[in-house]
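Topology and contacts: notes
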Amino acid sequence: MGRSDMTPLGDTGTSSFNSELPAGGRHDLRYDQSPGAPETDNYTEGEGAFGYVHSYETGSRLDGPGFRVTLFVSGCPLRCQYCHNPDTWQLKHGTRVSLERVVARLGDFAPALRSMQGGLTISGGEALVQAAFTQRIFKAAKSLGLHTALDTSGFLGARATDEYLKSVDLVLLDIKSWDPETYRRVTGQEVGPTLRFAERLAAMNKPVWIRFVLVPGLTDGPANVEGVAKFVAPMKNVEWVEILPFHQLGAFKWKELGLDYQLADTPPASPELVARVIGQFRDAGCNVR
Ligand code: SF4
């Protein structure tokens, strides 16, 4: 939906602006929906009465157990080379939507989600850029009787307070690499905050699925894979490790946004490579798929 007529608004949470929640999904390109949005870096929220949303999709079976609604929110501090949603990096590319609208739409789906043992997953972008907004959505989802999952890189894990995590049943935690230099090359950020978040989740016994994006020539080094595997294997709260083979589905977004896409010539992960990496996680003692 076009937002070119939008008056820039402060982040007060008191605006009467109330866009519809944008349907669609992760493969849609969304650009400049809220040109008046604050800068994403150092974004300071109000009370989370509204937020910036890329899109939502229904019927996902990839983002947690059962049949799910996945909400993609805007804003991310990482710059993953393989990102298939670079249009979620900046808040201004998302649609400014009230909490009320999000919860009302979720309510429409709640009976179906409950009957199919599904729930709500919040992904992005990085859901913890808008921690107040996403916490309130999770809380509302719990009061609708839904299972909740947070899909995160963990880089902003310190923003997920214990109170926040009370409304989250499952964390889908992306550990994008073990080797600090590789992590930096892949994401532009440091790996430490993600590892500390993983340890905190383990200490509180919060159910976690670890996700590892397998990119030939980038994240597939045997020592890099083994580092992640040995780190998570002893964690009893980690139910699954999921290997996500790299694909090129997001390449068109980089081009449309005028971004420098480094992986244009990178092939998809071959079945042999996927099998080797699954074997490494299995040998370390992980449940892997
Ligand atoms: S954390 Fe996710 S949304 Fe952010 S850059 Fe990486 S892949 Fe893209």
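Scroll up to find the structure this text is about.
Here is a short report on the structure shown in this document. All of these numbers come straight from a predicted model, not from anything done at the bench. (Residues numbered from 1 in each chain as written. Predicted model: local features only at pLDDT ≥ 70, side-chain atom pairs only at ≥ 80, totals over all residues. Heavy atoms only, no water.)

Here's the deal with the nonpolar core
A general tendency of soluble globular proteins is for nonpolar side chains to be buried together. We count it as follows: Take the buried residues of types Ala, Val, Leu, Ile, Met, Phe, Trp, Tyr and Cys, join any two whose side-chain atoms come within 4.5 Å, and each joined set is a nonpolar core. For every residue, the accessible area obtained with a 1.4 Å probe (protein chains only) is divided by the maximum for its type, and the residue is called buried under 20%, exposed over 50%, and partly exposed between those limits. Only DSSP runs of H or I with at least four residues qualify as helices, and only runs of E with at least two residues qualify as strands; both kinds are numbered from the N terminus onward. The contact rule is simple, with two residues in contact once any of their heavy atoms fall within 4.5 Å.
If you look at the biggest cluster of nonpolar residues, it comprises 80 residues, and the most contacted ones within it are Leu71, Leu120, Tyr164, Leu173, Val241, Ile243 and Phe281. Broken down by element, this core gets its largest block of residues, six residues, from helix 1 (residues 99-115). Leave out the neighbours within four places in its chain, and Leu120 touches Arg68, Val69, Leu71, Leu106, Ile137, Phe138, Ala141, His147, Thr148 and Ala149.

A look at the pairing of strand 1 (residues 50-60)
The cut-off we apply is this: A pair of strands is labelled paired if DSSP reports no fewer than 2 bridges between them.
By the criterion of burial, strand 1 is predominantly enclosed, with nine of the eleven residues buried. One ladder, built from four bridges, connects strand 1 with strand 3 (residues 95-98); its direction is antiparallel. From the neighbouring strand, Gly51 faces strand 3, where its bridge partner is Val97. Summarising the sheet, strand 1 and strand 2 (residues 68-73) pair through six bridges and their orientation is antiparallel. What sits directly across from Val53, in strand 2, is Val73.

Some details on helix 5 (residues 192-203)
Selection criterion: Expected helix span is taken as 1.5 Å per residue step, with the number of steps being one fewer than the number of residues. Throughout, the arc means the angular range of directions from the helix axis out to the C-beta atoms.
For helix 5, with twelve residues, the first-to-last C-alpha span of 17 Å sits near the 16 Å given by 1.5 Å per residue. Considered for burial, the residues of helix 5 that qualify are Thr194, Leu195, Phe197, Ala198 and Leu201. Along the axis of helix 5, the buried positions cluster into a sector of 160 degrees, meaning they face one direction only. Residues of helix 5 that are exposed and angled more than 90 degrees away from the buried face: Arg196 and Ala203. Each element contacted by the buried residues of helix 5 is listed here: strand 5 (147-152), helix 3 (162-166), strand 6 (170-174), helix 4 (180-187), strand 7 (208-214) and helix 6 (222-232). In the segment just after helix 5, Asn205 is the residue with positive phi, at about 60 degrees.

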